[in-house]
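Observations on the three-dimensional arrangement
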Amino acid sequence: MMDSIQNILRKTLENLEKTEFKKFKHHLRDERTIPWGKLAESESYDTVDLIVEAYTLKGSGRIVRSILRKMNLNQLATDMEKELEPQLQEVGQEEEEGPKRKKESDAFCSLHRQEVKLFCQDDGEFICFNCRTSEIHKNHNFRPISTQVLALKEELKIKMEPLRKQMKLREEAKVTCEETAQHVKRQVQLTERQIKEEFVKLHQFLKDEEAARIAELKNEGTWKNEMMKEEIEKMSREISSLSDTIRAIEEEMEAKDITFLQNYKSTVERAQCTLQDPERVSGALTNVAKHLGNLKFTVWEKMQEIVQYTPVTLDPNTARTWLILTEDLTSVREGESQQLPDNPERFDHHGSVLGSEGFNSGTHCWDVEVGENTWWSVGVMTESFQRKGDYYSKSGLWYVYYNDGGYGTCSTPYSTTPLTVKQKLQRIRVQLDWDRGELTFSDPDNTHLHTLTHNFTEKVFPYFNGCNISPLKILPVKASVTVEQFR
């Protein structure tokens, strides 16, 4: 019964936010029944124990309900009250029957008919004072029952510490899971919005391209219709001229013989046709092949004008909380710290972030704009590398760095090689040949700076650190659509 009531009270307090629970304890302190020294650091589990100890089972529900109503948490108080009501009724019945049960449970020594006051530690029995001098318990260790109870309770408290610790760890893990769930929800909403925005741009490009191609088709149709119209008008004029000539000749042929003979010479001259045979107009039809041939391919090819490709994109789930990534995940800068889950993948000590895709074979290359930053490091890190705490003492990280005017390369732990660079670098090229175990760094002109060698055995991820003045930016590369020709 006691456990049921306490569980209801604990469940009620666990529903409080951290700030609400803190406020609840301050209200409880104002009742001046529980010492603030015990109350200040107590969690919900311990707080319920302190309330029950101070106010009894029946009174604990009343004091919790009263404080909740002071805090205007009326619904929570009502829900708790409904759950407690049947339990408190049973407690009331038990309290009424208490004196009777107590009388029935009073223990007496069966040998001496005296009330037992001692506990034999050797035999684990309750005994009276006369039993202490008997042969059965000779040289045994005795303690007053109340002392033994206190000792055993203290022993249980110590044994309960691991349980309380595990419960506290799980309460913290639960909060972390809840925060992560909320963050995932926000991530989904934000990513969905960004996907829609990108597709709006693509749809607009396709609409504009469709409109341009239809306009070009219609322009061609208008021009060719005009050309055919001119040709038709020309034919009409020539037909009219020929018709007039034929009609005039036919009229001469209908004239009287003398008139006909007199006009014959001129009539014959009129009958001479100087017009050439009409030619069919070449290229008069719509160039359908031009407008439909490989249409999807040509639109895709033209889409390169609005599409940008970067060989590496950043993974926001690995970024330190005060690093801000651009929406296209190609640039990172310092900013205000954000409320983000402390997931295992995220760095929590250094301002670092990883690429979203790891490599375990082949060759890969990416250029990074380091700008005017006074320190930065760029390289690769193994997938299993520890990301929490100060990781430079661990192996599994290879990078080139710049720090207050000096350049160098490093293979952790702390194996550094200084580099001589003629002028300050604004960009750095990283080339990874995983199969040959080579990580090469060069300047924008592809002048070799240094090559680190290592026999890679697991996936490695691009690594970025340091953007105290300007963003670190992964530069896009030129993308092209190629057609394979038969040989």
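Residues numbered from 1 in each chain as written. Predicted model: local features only at pLDDT ≥ 70, side-chain atom pairs only at ≥ 80, totals over all residues. Heavy atoms only, no water.

**Here's the deal with the overall build of the chain**
Along the chain, the regular secondary structure elements total 9 helices and 16 strands. The C-alpha radius of gyration of the chain comes to 47 Å, more than 25% above the 23 Å expected for a compact globule of 487 residues. Seen through its principal axes, the chain has C-alpha atoms that stretch 180 × 70 × 45 Å. Relative to its full complement of 487 residues, the chain shows a buried share of 30%. Taking as baseline every contact in the chain between residues at least 6 positions apart, the subset at least 24 positions apart corresponds to 60%. Element-wise, carbon and sulfur atoms account for 51% of the exposed surface of the chain, whose accessible area totals about 32700 Å². (Helix = DSSP H or I, 4+ residues; strand = E, 2+ residues; numbered from the N terminus. Rg over C-alpha atoms; globule rule 2.2 N^0.38 Å. Buried < 20%, exposed > 50% of the residue type's maximum accessible area, 1.4 Å probe, protein only. Contact = heavy atoms within 4.5 Å. Areas by Shrake-Rupley, 256 points an atom, 1.4 Å probe, with all protein chains shown as cover.)

**Let's talk about the pairing of strand 14 (residues 448–453)**
Pairing of strand 13 (residues 438–442) with strand 14 involves 5 bridges; the strand directions are antiparallel. Paired with glutamate 438 across the strands is threonine 453, a residue of strand 14. Linking strand 13 back to strand 14 in an antiparallel pair, the connection comprises 5 residues, with asparagine 446 at a positive phi of about 70°. (Pairing = 2+ DSSP bridges.)

**Let's talk about the nonpolar core**
The biggest cluster of nonpolar side chains holds 34 residues, and the ones touching the most others in it are Trp366, Trp376, Ile428 and Phe464. Apart from the residues within four sequence positions on either side, tryptophan 366 is in contact with Pro311, Val312, Phe359, Gly379, Val380, Ile428, Arg429, Val430, Leu432, Pro462 and Phe464. The next biggest cluster of nonpolar side chains, apart from the first, holds 26 residues, and it includes Phe24, Val48, Tyr55 and Ile67. (Core = buried A, V, L, I, M, F, W, Y, C linked by side-chain atoms within 4.5 Å.)

**Describing the packing of aromatic side chains**
Following the criterion strictly, the structure yields 12 aromatic pairs and no others. Ring centres 6.2 Å apart and planes at 45° place the aromatic pair tyrosine 399 and tyrosine 463 in the tilted group. A residue pair is termed long-range when its members are at least 10 positions apart, and tyrosine 399 in strand 9 (residues 397–403) and tyrosine 463 in strand 15 (residues 460–465) qualify at 64 residues. For the pair tyrosine 399 and tyrosine 463, one class covers both residues: buried. Just above the ring of tryptophan 36 sits the side chain of arginine 29; from NZ or CZ to the centre is 5.0 Å. (Phe/Tyr/Trp six-rings, centres within 6.5 Å; stacked < 30°, edge-to-face > 60°. Lys NZ or Arg CZ within 6 Å of the ring centre and 35° of its normal.)

**A look at the packing of helix 6 (residues 145–254) against helix 7 (residues 257–271)**
The contact between helix 6 and helix 7 brings their axes to 10 Å, and the two run at 160°. One way to sum up the angle between helix 6 and helix 7 is to call them roughly antiparallel. Considering only the axes of helix 6 and helix 7, their crossing is left-handed. Each of Thr245, Ala248, Ile249, Glu252 and Met253 in helix 6 lies in contact with helix 7, whose residues at this interface are Phe260, Asn263, Thr267, Arg270 and Ala271. Residues that form the contact of helix 6 with helix 7 fall into these classes: 5 nonpolar, 3 polar and 2 charged. (Axes fitted to C-alpha atoms, helices over the stretch in contact; angles between N-to-C directions. Parallel < 35°, antiparallel > 145°, perpendicular 65-115°, else oblique. Left-handed = near helix turned anticlockwise from the far one by under 90°. Nonpolar A, V, L, I, M, F, W, Y, C, P; charged D, E, K, R; others polar.)

**Some points on the layout of surface pockets**
Of the pockets and cavities examined, the largest pocket occupies roughly 1000 Å³. Lining the largest pocket are 29 residues, and of these Gln194, Thr326, Glu327, Asp328 and Leu329 sit closest to its centre. Listed by contribution, the elements that provide at least two residues to the lining of the largest pocket are helix 6 and strand 4 (323–325). Top element by residues in the lining of the largest pocket is helix 6. It accounts for 12 residues. Roughly 770 Å³ of volume is contained in the second largest pocket. (1 Å grid on protein atoms, 1.4 Å probe; cavity = no way out; pocket = protein on both sides within 12 Å on 5 of 7 lines; lining within 4 Å. Points joined across faces, edges and corners; volume = space filled by probe spheres on them.)

**Some words on helix 4 (residues 44–70)**
With 27 residues, helix 4 extends only 19 Å from end C-alpha to end C-alpha; this falls clearly short of the ideal 39 Å at 1.5 Å per step. The first or second residue beyond helix 4 is asparagine 72, which carries a positive phi of 65°. (Expected span 1.5 Å × (residues − 1).)

**Observations regarding the pattern of salt bridges**
Counting across every chain of the model gives 25 salt bridges. A salt bridge links lysine 117 to glutamate 115, with the shortest nitrogen-to-oxygen separation between them at 3.7 Å. For lysine 117, a relative accessible area of 39% gives the class partly exposed. Look at glutamate 115 and you get partly exposed, because its relative accessible area is 40%. Salt bridges sharing common partners tie together Arg10, Asp46, Asp49 and Arg164. (Salt bridge = Lys/Arg side-chain N within 4 Å of Asp/Glu carboxyl O.)

**Quick look at a nonpolar patch on the surface**
The grouping of Leu242, Ile246 and Leu275 at the surface amounts to a nonpolar patch, some 240 Å² of accessible area in total. Turning to its location among the elements, leucine 242 is positioned in helix 6. (Patch = residues over 30% accessible without salt bridge, like charges linked within 9 Å, V, L, I, M, F, W, Y side chains within 5 Å.)

**Concerning unusual backbone geometry**
Omega for the bond connecting threonine 412 with proline 413 falls within 30 degrees of zero, at 5°, which places this linkage in the cis form. Despite not being glycine, asparagine 72 has its phi angle at roughly 65°, a positive value. On the secondary structure map, asparagine 72 appears in the loop between helix 4 and helix 5 (74–105). When its relative accessible area of 61% is taken as the criterion, asparagine 72 is described as exposed.

**Some words on the side chain of threonine 440**
Positionally, threonine 440 belongs in strand 13. Note on threonine 440: relative accessible area 14%, which makes it buried. Sequence-distant contacts of threonine 440, that is, excluding residues within four places in its chain, are made with Arg429, Val430, Gln431, His448, His450 and Thr451.

**Some details on the sheet that holds strand 15**
Here we have 6 strands laid out as an open sheet, ordered 6-15-8-9-10-11, and antiparallel in their pairing. Only two strands of the sheet have a single neighbouring strand rather than two, namely strand 6 (352–354) and strand 11 (415–419). This sheet shows a mean twist of 20° between the axes of neighbouring strands, independent of strand direction. Bridge count for strand 10 (residues 406–411) against strand 11 is 5 bridges, and the pairing is antiparallel. When the sheet's bridge partners are listed, threonine 409 is paired in strand 11 with threonine 417.

**Regarding the confidence of the model for the chain**
In this model, the chain carries a mean pLDDT of 86, and residues with pLDDT of at least 70 account for 95%. In the model, residues 95–105 has pLDDT below 50 throughout and makes 2 contacts with residues more than four positions away in sequence or in other chains. (pLDDT = per-residue confidence, 0-100.)

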